[in-house]
Amino acid sequence: MNPNKKVKATGFIALMLTLSVSQVEAAYMRADRQDSLAQPQYVKEIVKLSSNAKVKKAFATIADLEAETRANHILLTEIPAPPFKEERRAKKFAEMLRVVGADSVWIDAAGNVIAKRKGAKGGKTILIEGHLDTVFPEGTDVKVETRGDTLAAPGIGDDTRALAVLLTMLKAMNAVEIQTEADVLIAGTVGEEGQGDLRGMKQLFGKDGLKIDAHIAIDGTSTDRIVNRGVGSHRYHIAYKSDGGHSYGSFGMVNTHVALGKAIAYWSQDAEAYIAQPGPKTTYSVSVIGGGTSVNSIPFEAWMEVDMRSESDERLQKVDGYLQSALQKALKEVNEGKKFGNDLTLEVKMMGNRPSGGGELTAPLTQRMMAVIQQSGGTPKLSASSTNANVPLSLGIPSITIGGGGLAHGAHSLGEWFVNKDGKVGIQNALLILLAEAGLN
Ligand SMILES: [Zn+2]
């Protein structure tokens with residue numbers, strides 16, 4: 001799960017026993033940094049690949065296409081793609097992929113746009129994708145404002161840049177007639193953000209039956225960053241319900257708010273004690289609460305929405321377990337304390353379930369991407385996040401998330417902007433890692 005597996009076990013365990021939690025965390029980070037250069041065999045592989053004549057030509061084509069990349073970027077950003085309403089953008093993106101040229105382009109049952117480019121050998125499939133959806137609700141003004149070299153609009157960086165990157169990458173591959181060994185799938189995916197709950201990826205790796213061997217997500221812009229660990233999350237909507245009544249006249253009946261308060265207190269106490277133990281970062285949050293009618297009424301409902309996250313599935317399950325027992329404990333206590341009336345009831349609805357996984361630093365896909373970044377003059381920075389890569393990583397399928405190049409700021413805010421600073425490097429890197437995985441015929 002974590003890079004410390006590479007550190008000599010006995011020494012490291014002895015070290016851990018004598019260190020405080022923050023010192024252990026610092027040791028984790030140091031281990032990360034030490035290991036963040038690619039092994040020589042992968043550096044060699046990528047150097048060789050980038051000196052190939054066709055690859056060089058493709059790189060030049062990518063540079064020549066900058067104006068077109070920018071035009072595609074603006075066009076797609078201005079087609080709204082609110083959560084669960086990606087169809088319009090999906091249709092346009094599919095049409096644009098067809099114009100650039102692939103063996104087949106289709107939209108699957110979840111709404112993902114998929115272009116297939118057949119390999120010379122087949123038998124292996126590599127997926128590279130960016131997500132179509134934004135976090136912005138319907139009606140958000142998505143007109144792109146250009147101020148000098150800055151493009152400003154909600155969603156411009158996260159993740160519309162990736163869609164423009166994919167189109168240019170494919171166009172360059174076609175222009176110089178690059179043929180891969182493996183089949184390549186280029187996709188625009190749905191449901192990456194928030195309550196979309198990675199439904200596009202779940203479809204691609206589930207019902208679509210595509211047998212994908214490796215996955216590369218383009219999300220964000222940084223060309224140094226590799227997300228190779230998936231932060232898993234659980235999210236719930238929880239409600240205590242009762243009949244409710246007059247605060248004076250019905251005094252003695254169950255109170256939903258008391259139950260909710262107790263549950264929050266028990267959960268935070270247990271979760272806090274648990275996550276204080278050294279291990280992968282794990283968090284929990286009581287994020288939204290509500291319920292009640294007026295100051296002189298015993299409420300008929302108290303609800304909350306909670307979120308918990310961890311790189312480790314074991315730790316996530318544990319914190320979830322503390323939540324479930326806290327909810328039951330509070331329910332029992334309030335019901336036992338009632339003077340009259342009906343019992344409280346409890347409803348627990350799971351709103352989100354993102355699996356965690358990954359983190360093997362020696363995984364060839366991660367090593368190759370580190371080598372690609374070094375080749376472009378950058379310094380690889382490995383990190384953990386919740387992205388589309390969570391789905392394949394949880395299935396044990398090699399997966400990383402990389403940046404599409406350029407400089408972006410203000411993701412998930414109305415003030416989001418993008419500057420095409422060395423943007424071509426992101427596209428060239430995407431092509432190089434794709435070719436390294438798919439094989440150049
Ligand atoms: Zn994103």
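About the thresholds
- Residues numbered from 1 in each chain as written.
- Predicted model: local features only at pLDDT ≥ 70, side-chain atom pairs only at ≥ 80, totals over all residues.
- Heavy atoms only, no water.
- Helix = DSSP H or I, 4+ residues; strand = E, 2+ residues; numbered from the N terminus.
- Buried < 20%, exposed > 50% of the residue type's maximum accessible area, 1.4 Å probe, protein only.
- Contact = heavy atoms within 4.5 Å.
- Areas by Shrake-Rupley, 256 points an atom, 1.4 Å probe, with all protein chains shown as cover.
- Lys, Arg positive; Asp, Glu negative; His and termini not counted.
- Charge placed at Lys NZ, Arg CZ, Asp CG, Glu CD.
- Phe/Tyr/Trp six-rings, centres within 6.5 Å; stacked < 30°, edge-to-face > 60°.
- Lys NZ or Arg CZ within 6 Å of the ring centre and 35° of its normal.
- Domains from an automatic or database assignment.
- Pairing = 2+ DSSP bridges.
- Axes fitted to C-alpha atoms, helices over the stretch in contact; angles between N-to-C directions.
- Core = buried A, V, L, I, M, F, W, Y, C linked by side-chain atoms within 4.5 Å.
- Donors = N, O, S within 2.8 Å, 3.2 Å for Na, K, Ca; no water.
- Tetrahedral: all angles 85-135°; square planar, octahedral: opposite > 155°, others 65-115°.
- Salt bridge = Lys/Arg side-chain N within 4 Å of Asp/Glu carboxyl O.
- Parallel < 35°, antiparallel > 145°, perpendicular 65-115°, else oblique.
- Left-handed = near helix turned anticlockwise from the far one by under 90°.
- Nonpolar A, V, L, I, M, F, W, Y, C, P; charged D, E, K, R; others polar.

Caption draft 1: Representation of the overall build of the chain. Each helix and strand in the chain was counted, giving 13 helices and 19 strands. Here the C-alpha coordinates of the chain stretch approximately 85 × 60 × 45 Å along the principal axes. When burial is assessed residue by residue, the chain has 51% of its 441 residues classed as buried. When contacts within the chain are restricted to residue pairs at least 6 apart in sequence, long-range pairs at least 24 apart make up 80% of them. Looking at the chain as shown, the accessible area adds up to about 19500 Å², and 54% of this sits on carbon and sulfur atoms. Positive and negative side-chain charges of the chain, numbering 49 and 49 respectively, have mean locations separated by a distance of 4 Å.

Caption draft 2: Here's a closer look at the packing of aromatic side chains. Taken as a whole, this structure holds two aromatic pairs when the rule is applied. A ring pair is formed by Y274 and Y322, whose centres lie 5.8 Å apart and whose planes are at 55°; its orientation type is tilted. Remark: Y322 occurs in helix 10 (residues 313–336) and Y274 occurs in helix 9 (residues 256–275); sequence separation between them is 48 residues. The ring of Y274 carries R315 above its face, with NZ or CZ at 5.4 Å from the centroid. Looking at K329, its charged tip hangs above the ring of Y266, at a distance of 4.0 Å from the centre.

Caption draft 3: Structural context of the domain arrangement of the chain. You can read the domains of the chain as domain 1 (3–33), domain 2 (36–231 + 356–438) and domain 3 (232–354). Taking only C-alpha atoms into account, the centre of domain 1 sits 34 Å from that of domain 2.

Caption draft 4: Layout of the sheet that holds strand 4 (residues 145–147). Spatial strand order, 4-5-19-18: four strands in an open sheet with antiparallel pairing. Edge positions in the sheet fall to strand 4 and strand 18 (407–409), since each of these pairs with one other strand and no more. Neighbour to neighbour, the strand axes of the sheet diverge by 20° on average, direction disregarded.

Caption draft 5: Structural context of the nonpolar core. Ranked by internal contacts, the top residues of the largest apolar core, which has 59 residues, are F93, L97, I128, M169 and I186. Contacts of I128, omitting those with residues within four sequence positions, involve L166, M169, L185, I186, A187, I216, I218, A430 and L434.

Caption draft 6: The arrangement of the coordination of the zinc ion in detail. For the zinc ion, the protein coordination sphere consists of H131 (NE2), D158 (OD), D219 (OD) and D219 (OD), at 2.0 to 2.6 Å. Around the zinc ion, the four donor atoms are arranged such that angles at the metal cover 53 to 145°; this shape is classified as irregular. Mapped onto the sequence, the residues coordinating the zinc ion show the spacing H-x26-D-x60-D. Pair noted here: H131 is in strand 3 (residues 125–131) and D219 is in the loop between strand 7 (214–218) and strand 8 (225–230), with a separation of 88 residues, a long-range link. Here H131 matches D219 in class, with each residue buried.

Caption draft 7: Focus on the sheet that holds strand 11 (residues 282–291). Overall, antiparallel pairing links the four strands, which are arranged 11-13-9-14 in an open sheet. Single-partner strands in this sheet number two, and they are strand 11 and strand 14 (345–354). Going across the sheet, the axis of each strand differs from the next one's by a mean of 15°, ignoring polarity. Pairing of strand 11 with strand 13 (residues 301–310) involves nine bridges; the strand directions are antiparallel. When the bridges of strand 13 are listed, G290 appears paired with W303.

Caption draft 8: Quick look at the pattern of salt bridges. If you walk through the whole model with that rule in mind, you get 20 salt bridges. One salt bridge in this structure joins E86 and R199, with 3.0 Å as the shortest N-O distance. A residue pair is termed long-range when its members are at least 10 positions apart, and E86 in the loop between helix 5 (66–77) and helix 6 (87–100) and R199 in helix 8 (residues 199–204) qualify at 113 residues. The buried category is assigned to E86, whose relative accessible area is 3%. When its relative accessible area of 23% is taken as the criterion, R199 is described as partly exposed.

Caption draft 9: View of the pairing of strand 8. Counting buried positions along strand 8 gives five out of six residues, so the element sits mostly inside the fold. Pairing between strand 8 and strand 16 (residues 381–385): five bridges, direction parallel. Opposite R225, over in strand 16, you have K381 as the bridge partner. In terms of strand pairing, strand 8 meets strand 17 (residues 399–402) through two bridges, oriented antiparallel. Note that in strand 17 the partner of I226 across the bridge is I402. Direction of pairing for strand 8 relative to strand 15 (residues 357–358): antiparallel, over a ladder of two bridges. Note on strand 15: the bridge partner recorded for R229 is G358.

Caption draft 10: Spotlight on unusual backbone geometry. Residue D159 follows D158 across a cis peptide bond; omega there is 10°. Located in the positive-phi region is E177, a residue other than glycine, with phi close to 55°. Note on placement: E177 falls in the loop between helix 7 (156–175) and strand 6 (183–189). Look at D197: it is not a glycine, yet its phi comes out positive at around 55°. Tracing the backbone shows D197 in the loop between strand 6 and helix 8. For D197, a relative accessible area of 14% puts it in the buried group.

Caption draft 11: Representation of the packing of helix 3 (residues 40–50) against helix 11 (residues 364–375) in the model. Look at helix 3 against helix 11: their axes get within 8 Å of each other, and the N-to-C directions meet at 55°. Relative to helix 11, the element helix 3 lies oblique. Pair helix 3 / helix 11 crosses with right-handed handedness. Contacts from Y42, V43, E45, I46, V47 and S50 in helix 3 reach P364, Q367, R368, A371, V372, Q374 and Q375 in helix 11. Each residue belonging to the contact of helix 3 with helix 11 can be placed in one class, and the counts come to seven nonpolar, four polar and two charged.

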